[in-house]
Amino acid sequence: TLKKTNIDPTRRYLYLQVLGGKAFLEHLQEPEPLPGQVCSTFTLCLHYRNQRFRSKPVPCACEPDFHDGFLLEVHRESLGDGTRMADSTTMLSISDPIHMVLIKTDIFGETTLVASYFLEWRSVLGSENGVTSLTVELMGVGTESKVSVGILNIKLEMYPPLNQTLSQEVVNTQLALERQKTAEKERLFLVYAKQWWREYLQIRPSHNSRLVKIFAQDENGINRPVCSYVKPLRAGRLLDTPRQAARFVNVLGYERAPVIGGGGKQEQWCTLLAFLCRSKGDCEDHANLLCSLLLGYGLEAFVCVGTKAKGVPHAWVMTCGTDGTITFWESLTGHRYIHKPTNPDEPPVAEQPKPLYPYRTIGCVFNHQMFLGNCQPSDAVETCVFDLNDESKWKPMSEEAIKSVCAPGATTSLPPFPPLCASTIDASVTSNDIEMQLRLLVSEHRKDLGLTTVWEDQLSYLLSPALASYEFERTTSISAGNEEFQDAIRRAVPDGHTFKGFPIHFVYRNARRAFATCLRSPFCEEIICCRGDQVRLAVRVRVFTYPESACAVWIMFACKYRSVL
């Protein structure tokens, strides 16, 4: 159904239509889906100046049937101009591109990033009547960033129509000028970065092996300064506390960048839109997002680049308190660790506990304004002193140099940060669906073992408070409400009966996959396959939703039976 929308006559809009795709050759052999049959789909996600849109999912095909229109508001941001209509000259200076991300969702709900494209829309300002049609060739991501994945037909139209359009020559000159300015800024930064690196190596030749990462490749294989991947990000009313933000980042899926063949880790730091739309990414994506959210909450946060045990490269987040407290935030688990440096010159104390955090070495720290290389004699995290103002311990990069390529609007090649979107998942409905599917799976599994299954609804309901308190504890590190849960269970289990319960936590909503994982745990398997007298089974599912499509899924299986000695 087409949605009607009201147009504010005092604002300028850009109406972007996607009118089908072609040459998606990987789907050449794709059979036509039967009516009602579940098939793989393509979804197009757009971001433009703080507005986000999502197309209807269409079946994957060589010529996917995209037919969607998006109304983008092209407004002026300066105060006092709100009622003045932006003319074509004013709009020509708005250099924000439209970021388009194409996601493929398979029949199991797994997502893959197919393409990420920055659309330069301003050609419409020089076209007749302010209407133009484009064909956009989408390139692959990561190792396939030079390979075409398909073509989209796009139509752009200005609303209300432009009184006067610019000549195509004026538009082209402006775009060429911007590209030239950007290229020059990036060239100067590269010259500076090389000089900084030479100086850093002259401090100690061993610095050559430290993980000092100044540039990182995005999904399109473009090298960007790492500071451009972080920016203060406010979550509006979607997240209330820094710890809740850490929990949100932790429930976004973890997936290493795909590699074809062996040969170590493929590097791919994603732009924020690609990470959010795919709802999963590598440790660097998680660390960049968490750092951005913590900066939004007014904390002094940095992304740390270093190694974990066995020398595995890793990224995590650090905050510096006003009292000098250094806290590490592991973005993949939501855990927080206080860092207390040990003095390497003192003889080791036998009782000294090993640090709780999993980090071994640290090469550099950065945020949107600062980049610091670790120049202490050892790069071991446990002996590291995080006095970032001490240039004998941390070699800083010029903040001016970073600003020239990473400040908002500094260059046209910087992808702007999209706002977070509220969850579209109905927690109660989803919890119920997964629970029903699990009951079926358990009953079938027990039937195969020659066992009957009797469910006890009241016992299932009593498991709810436990699941809620587990999630509360994950978010706040505070445990609460356990006494009531234990009391209720003691009342529900008669004398001479045994109760067993097993909670488990997932970040995906696929019941079959969750059940298969549960069966691999001996404790859980013991409950599901319980034999005995008067066996009653219970299962409770509670889905906690977070922004985007992230969610934490808690499942608890339980049984009670008469103990026969």
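Residues numbered from 1 in each chain as written. Predicted model: local features only at pLDDT ≥ 70, side-chain atom pairs only at ≥ 80, totals over all residues. Heavy atoms only, no water.

**Q** Residue-level account of the nonpolar core, with values.
**A** Phe248, Leu289, Leu293, Phe366 and Phe371 are the most contacted members of the largest nonpolar core, which totals 76 residues. Here the element with the most residues in this core is helix H5 (residues 283-296); it accounts for 8 residues. If you look at the next biggest cluster of nonpolar residues, it comprises 38 residues, including Leu14, Phe24, Met91 and Leu175. (Core = buried A, V, L, I, M, F, W, Y, C linked by side-chain atoms within 4.5 Å. Buried < 20%, exposed > 50% of the residue type's maximum accessible area, 1.4 Å probe, protein only. Helix = DSSP H or I, 4+ residues; strand = E, 2+ residues; numbered from the N terminus.)

**Q** Quick one: what's the story with the domain arrangement of the protein chain, residue by residue and with numbers?
**A** You can read the domains of the protein chain as domain 1 (13-166), domain 2 (173-406) and domain 3 (427-562). Computed from C-alpha coordinates alone, the two centres of domain 1 and domain 2 are separated by 32 Å. With 25 residues of domain 1 in contact, the opposing surface of domain 2 contributes 18 residues. Carbon and sulfur atoms supply 58% of the area that domain 1 and domain 2 bury against each other, a total of about 1700 Å² over both sides. Our enumeration of links across domain 1 and domain 2 arrives at 2 salt bridges. Residues Glu178 and Arg122 are paired through a salt bridge, measuring 2.6 Å at the closest nitrogen-oxygen approach. Here domain 1 is connected to domain 2 by 7 residue pairs in polar contact (both at pLDDT 80 or more). Within the residue set of the side of domain 1 that touches domain 2, elements represented by two or more residues are strand S2 (41-48), strand S3 (51-54), strand S6 (98-105) and strand S7 (111-119). Among the elements that take part in the side of domain 1 that touches domain 2, S7 stands out by supplying 5 residues, more than any other. A class-by-class count of the residues in the side of domain 1 that touches domain 2 yields 8 nonpolar, 11 polar and 6 charged. (Domains from an automatic or database assignment. Contact = heavy atoms within 4.5 Å. Buried area = accessible area lost by both parts, 1.4 Å probe. Salt bridge = Lys/Arg side-chain N within 4 Å of Asp/Glu carboxyl O. Polar contact = N/O pair within 3.5 Å; in protein donor to acceptor, adjacent residues only side chain to side chain. Nonpolar A, V, L, I, M, F, W, Y, C, P; charged D, E, K, R; others polar.)

**Q** Mind laying out the UniProt feature "domain: Centrosomal protein of 76 kDa C-terminal" (unreviewed entry) in the protein chain, listing which residues take part and the relevant values?
**A** Mapped onto the present numbering, the UniProt feature "domain: Centrosomal protein of 76 kDa C-terminal" (unreviewed entry) falls on residues 424-562. Annotated as residues 424-562, this span is 49% helix and 25% strand, and its ends, taken at the C-alpha atoms, are 44 Å apart. (UniProt positions renumbered as here; feature names shortened; annotations may be inferred.)

**Q** Tell me about the sheet that holds strand S23 (residues 551-562), residues and numbers included.
**A** Ordered in space as S21-S23-S22, the 3 strands form an open sheet in which the pairing is antiparallel. Where the open sheet ends on each side, the last strands, each with one partner, are strand S21 (497-506) and strand S22 (533-545). The average angle at which neighbouring strand axes cross in this sheet is 10°, direction not considered. Relative to S23, S21 runs antiparallel, the two sharing 10 bridges. Residue His497 lies in a different strand from S23, and its bridge partner there is Arg562. Each of S22 and S23 touches helix H7 (residues 427-448); the most contacted strand, S22, lies at about 150° to it. Its contacts with the sheet put helix H11 (residues 511-519) on S21 and S23, and the angle it makes with S21 is roughly 125°. (Pairing = 2+ DSSP bridges. Axes fitted to C-alpha atoms, helices over the stretch in contact; angles between N-to-C directions.)

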